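# Architecture at a glance
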Amino acid sequence: MSKQSQPEDLTPQALLQRAYSLGNDEDARALYRDWAQSYDKTMLEGLGYRTPKATAELLSQHIADKTEPVLDVGSGTGLAGVELAVRGFTTLDALDYSPEMLAVAKSRDVYRKLLEADLNETLDLPDNAYAALICTGTFTHAHVGAGCLPELFRILRPQGVFACTVHKDVWQKAGFERETRRLADAGMLRLISCEAGTYYTTSTDPEGWYIVWQKQG
């Protein structure tokens with residue numbers, strides 16, 4: 001389909017707006033079902049999406065052994081997994097609740113396992129299963145709130161590293177400020193770094209934070 005004949009609701013800006021204004025789980029599943037095949041083109045070419053590369057580079061700086069298992073949380077089509085593979089990571093698993101997105105991620109041939117799961121539920125994974133987690137673009141408008149953090153830290157090994165982005169608009173609204181303070185006070189996590197940054201190459205102001213946490217204990 002030519003750019004000129006592209007339906008208005010399938011333009012990069014319209015799809016991003018749909019993602020930022022999801023009303024319920026049914027809406028979310030419909031969006032990512034519609035978007036799976038064109039997601040990469042929309043985000044990379046249409047919007048200049050830079051967080052998968054930036055977050056993968058951030059994680060790479062804190063992981064010496066690239067053979068250790070890493071979980072790509074909310075992997076989508078696997079953009080972060082590709083960036084991790086480029087940086088030498090060899091044991092990558094993808095977790096997402098959209099089977100259509102996971103199908104695209106599988107085609108990249110960088111993941112050991114693909115896990116279809118909802119971050120709002122208990123994960124069918126053992127304690128301390130991963131040396132590192134990466135999550136880019138999931139902690140944002142109308143997506144997953146901070147209630148998933150204890151479960152994610154459960155599956156992360158002690159001293160393991162979690163690199164992620166959190167959109168500035170949900171830092172307080174979705175409970176991230178409160179929950180990360182609670183987990184830190186409980187001795188579960190330590191903040192390694194938190195820097196404001198842009199999500200798109202055309203951005204003039206930071207959309208959110210690039211964060212690295214370490215699990216304690």
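The paragraphs below set out a description of the structure included in this document. (Residues numbered from 1 in each chain as written. Predicted model: local features only at pLDDT ≥ 70, side-chain atom pairs only at ≥ 80, totals over all residues. Heavy atoms only, no water.)

The next thing to look at is the packing of aromatic side chains. If you walk through the whole model with that rule in mind, you get nine aromatic pairs. When the centroid spacing of 5.7 Å and the interplanar angle of 35° are considered together, the rings of tyrosine 49 and tyrosine 200 count as tilted. A residue pair is termed long-range when its members are at least 10 positions apart, and tyrosine 49 in the loop between α3 (39-46) and α4 (51-60) and tyrosine 200 in the loop between β6 (189-197) and β7 (208-215) qualify at 151 residues. Here the two residues tyrosine 49 and tyrosine 200 agree in accessibility, since each one is buried. An aromatic cluster is defined as three or more aromatic residues linked by ring pairs; in this entry it consists of Phe139, Phe153, Phe162, Trp171, Phe176, Trp209 and Trp213. (Phe/Tyr/Trp six-rings, centres within 6.5 Å; stacked < 30°, edge-to-face > 60°. Helix = DSSP H or I, 4+ residues; strand = E, 2+ residues; numbered from the N terminus. Buried < 20%, exposed > 50% of the residue type's maximum accessible area, 1.4 Å probe, protein only.)

Further remarks concern helix α5 (residues 79-86). Along α5, the positions that sit buried rather than exposed are Leu79, Ala80, Gly81 and Leu84. Positioned one or two residues after α5, glycine 88 has a phi angle of 95°, which is positive.

In this model, asparagine 128 sits at a positive phi of 55°, which is unusual for a non-glycine residue. Of note, glutamine 159 is a non-glycine position whose phi angle comes to about 75°, a positive value. Here glutamine 159 is to be found in strand β5 (residues 156-167).

The buried fraction of β5 amounts to nine of the twelve residues, a majority that puts the element mostly inside the structure. Pairing between strand β4 (residues 130-139) and β5: six bridges, direction parallel. Bridge pairing in β5 links leucine 133 to phenylalanine 162. Bridge count between β5 and β7: seven bridges; the pairing is antiparallel. In the sheet register, valine 161 faces β7, and the bridge partner there is glutamine 214. (Pairing = 2+ DSSP bridges.)

The strand order across the open sheet built from seven strands is β3-β2-β1-β4-β5-β7-β6, with neighbouring strands paired in mixed fashion. The sheet is open, and its two borders are formed by β3 (113-116) and β6, each paired with just one other strand. Across this sheet, the average inter-strand angle for adjacent strands is 15°, counted without regard to direction. (Axes fitted to C-alpha atoms, helices over the stretch in contact; angles between N-to-C directions.)

Okay, helix α8 (residues 176-185) next. Quick reminder: α-helices carry 3.6 residues per turn. Residues three or four places apart thus point the same way. Within the sequence span of α8, burial applies to Phe176, Glu179, Thr180 and Leu183. The buried residues of α8 all sit within an arc of 95° when viewed along its axis, so they share a single face. Turned more than 90 degrees off the buried face of α8, the exposed positions are Arg178 and Asp185. At its buried positions, α8 is contacted by β4, α7 (149-155), β5, β6 and β7. After α8 finishes, the residue glycine 187 shows a positive phi value of roughly 80°. (Arc of directions from axis to C-beta. Contact = heavy atoms within 4.5 Å.)

Here the focus is the nonpolar core. Formed by 30 residues in total, the largest nonpolar core has its most connected members in Leu133, Phe139, Leu149, Leu152 and Phe162. The set of elements that each furnish at least two residues to this core consists of β1 (70-73), β4, α7, β5, α8 and β7. Look past the residues within four positions of leucine 149 in its chain and what remains in contact with it is Phe139, Phe162, Phe176, Glu179, Thr180, Leu183 and Trp213. The next biggest cluster of nonpolar side chains, apart from the first, holds 24 residues, and it includes Leu92, Ala132, Ile134 and Val161. (Core = buried A, V, L, I, M, F, W, Y, C linked by side-chain atoms within 4.5 Å.)

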